[in-house]
Structures are given as C-alpha cells and as structure tokens.
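Analysis of the macromolecular model
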Amino acid sequence: MSKEALLIVDMSNDFVDLEGPLNVGEAGLAITPYIRDLADEFLQDGKYVVISMDDHAPDDAHFDSWPVHNVTGTKGQELYGPLKEWYDENKDNDHIIYSMKENYNAFFNTGLDEVLRERDVDTVHICGVATDICVFLTASGADANGFKTVIHKRGVATFTDQQESSLEHMERCFHSEIVE
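It should be emphasised that the depicted structure is a prediction, and the values quoted were computed from it without experimental measurement. (Residues numbered from 1 in each chain as written. Predicted model: local features only at pLDDT ≥ 70, side-chain atom pairs only at ≥ 80, totals over all residues. Heavy atoms only, no water.)

**Comments concerning the overall build of the chain**
A count of helical and extended segments in the chain gives 6 helices and 6 strands. Counted from the first residue to the last, the chain has its helices and strands arranged as β-α-α-β-α-β-α-β-α-β-α-β. Taking 16 Å as the expected radius of gyration for a compact globule of 180 residues, we find that the chain reaches 15 Å, a close match to that expectation. The principal-axis extents of the C-alpha atoms in the chain amount to approximately 45 × 35 × 30 Å. (Helix = DSSP H or I, 4+ residues; strand = E, 2+ residues; numbered from the N terminus. Rg over C-alpha atoms; globule rule 2.2 N^0.38 Å.)

Okay, structure coming up:
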C-alpha cells in the first residue's frame, strides 16, 4: 500500500499576499482554500503534510536575480493567512513536517527525502507556488529521489503564462499524475 505525503510549496505572504514582492496574484489567493482542505484531508487520513518554505538571509545572492523575499523570521516568510491559521491549529500534530529550503527544489540539500523515507512515504502530492519554478523543480527533485508525484492542478499557481505548459512538462518528464 502506498504511503502519501502532501507537499505545500512556498505558500508564504511574500508569494501569495497581494502586497508580497513576488506574489502570484489572485491565482494564489484562489488556491489557498483548496490547499487548506487538502491538508485537512491528509491529516484526517493519517497521512503526512510537509510545508516547504523558501528561507533566505537578508544578503542572499539569490536577490541578485529576484526581489527580496522570504527572509528568515520575517512576516513575509510566514504561511499566508488561512494556511497560517491551519498550521497554528495543527502544528503539534506529528504528521506535519516544516522544511526550510534555500533552493527552488524542496529536496535539494534539505534532507526531506530521508525524512519521507523514514516514514515509508513513496508518493508525494505537490501544491503551491510557483508552478513553473519551485513546484516544477520540486517535482523534479521528488522524481530524482524515487518518489511518485501527483500535482494538484487546482492547488498550483504562477505569475507567468507557463501554467499549462509546466503541468504538461511535469506529466511528460517526471510522469507526474495531474489531478484536477
């Protein structure tokens, strides 16, 4: 029997709140209730929920290419609105894993693959932002580490016009299952 985890990627104030420096716009707001409901479902079914969050120092070289965002310990790095409320209500649940990342890919140098393997997880459901950057590269990282991937189309958003092509690419390259 497959053991599954939900991986919520970068649903921070800086990426979702309309005032955030790298916000994905209304699309980010629209996916938030779906992600919250999905996280509830996973916990109720005894599955794992991983929150993967960008984590940058104020002087990170990453900011040579991108606006300053998700600086360690700032309000901008906190989970966005309803997801923060959900986390605060459930943070003591041992099926929730908070994983910080310095790279687009949630698996790169984070030890997340080992954490999931210790829990016998073999399938990772991915949602969050941005579809064509961190979600895409996280699907790549999951695939490279031997995990099956499921992308929740209703739970991903981006600030570019690459939404559909990114989903098609994940399906083609990483054999991700795309669910509506």
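The rest of the description comes next.
**A short note on unusual backbone geometry**
Ala130 follows Val129 through a cis peptide bond whose omega is -20 degrees. Relative to the elements of secondary structure, Ala130 occurs in the loop between β4 (123–129) and α5 (131–144). A positive phi angle, close to 55 degrees, is found at Asp10, a residue other than glycine. With respect to the secondary-structure elements, Asp10 resides in the loop between β1 (4–9) and α1 (13–16). Judged by its relative accessible area of 0%, Asp10 is buried. The backbone of Asn109 shows a phi angle near 55 degrees, a positive value even though the residue is not glycine. (Buried < 20%, exposed > 50% of the residue type's maximum accessible area, 1.4 Å probe, protein only.)

**What about the sheet that holds strand β5 (residues 148–157)?**
Taken in spatial order, the 6 strands line up as β3-β2-β1-β4-β5-β6 in an open sheet, and their pairing is parallel. Taken across any chain shown, the strands that pair with only one partner, and hence form the sheet edges, are β3 (96–101) and β6 (177–179). On average, each strand axis in the sheet is inclined to that of its neighbour by 25 degrees, with strand direction left out of account. With 6 bridges connecting them, strand β2 (residues 48–54) and β3 associate as parallel partners. Note that in β3 the partner of Ile51 across the bridge is Tyr98. Strand contacts of helix α6 (residues 163–174): β5 and β6, with the helix running at about 175 degrees to β5, the strand carrying the most contacts. (Pairing = 2+ DSSP bridges. Axes fitted to C-alpha atoms, helices over the stretch in contact; angles between N-to-C directions. Contact = heavy atoms within 4.5 Å.)

**Description of α5**
The end-to-end C-alpha distance of α5 is 18 Å, a good match for the 20 Å that 14 residues give at a rise of 1.5 Å each. Counting buried positions along α5 gives 10 out of 14 residues, so the element sits mostly inside the fold. Within α5 the residues assigned to the buried category are Thr131, Asp132, Ile133, Cys134, Val135, Phe136, Thr138, Ala139, Gly141 and Ala142. Its buried side turned inward, α5 meets β1, β3, β4, β5 and α6. Residue Gly146 follows α5 closely and has a positive phi angle near 85 degrees. (Expected span 1.5 Å × (residues − 1).)

**What about the nonpolar core?**
Soluble, globular proteins show a tendency: their nonpolar side chains are buried together. With 52 residues, the main nonpolar core has Leu7, Met11 and Leu116 as its most contacted residues. In terms of residues, this core owes the most to one element, helix α2 (residues 26–44), which gives 7 residues. Contacts of Met11, omitting those with residues within four sequence positions, involve Val16, Gly28, Ile31, Thr32, Ile35, Met53, Glu78, Leu79, Tyr80, Leu83, Gly128 and Val129. (Core = buried A, V, L, I, M, F, W, Y, C linked by side-chain atoms within 4.5 Å.)

**Description of empty space enclosed by the protein**
Across all of its chains, the model carries 1 cavity of 30 Å³ or more by this definition. Taken as a whole, the largest cavity holds about 80 Å³ of empty space. Grouping the amino acids of the lining of the largest cavity by side-chain chemistry returns 8 nonpolar, 2 polar and 1 charged. (1 Å grid on protein atoms, 1.4 Å probe; cavity = no way out; pocket = protein on both sides within 12 Å on 5 of 7 lines; lining within 4 Å. Points joined across faces, edges and corners; volume = space filled by probe spheres on them. Nonpolar A, V, L, I, M, F, W, Y, C, P; charged D, E, K, R; others polar.)

Remember, this is a structural readout, not a statement about activity or role.
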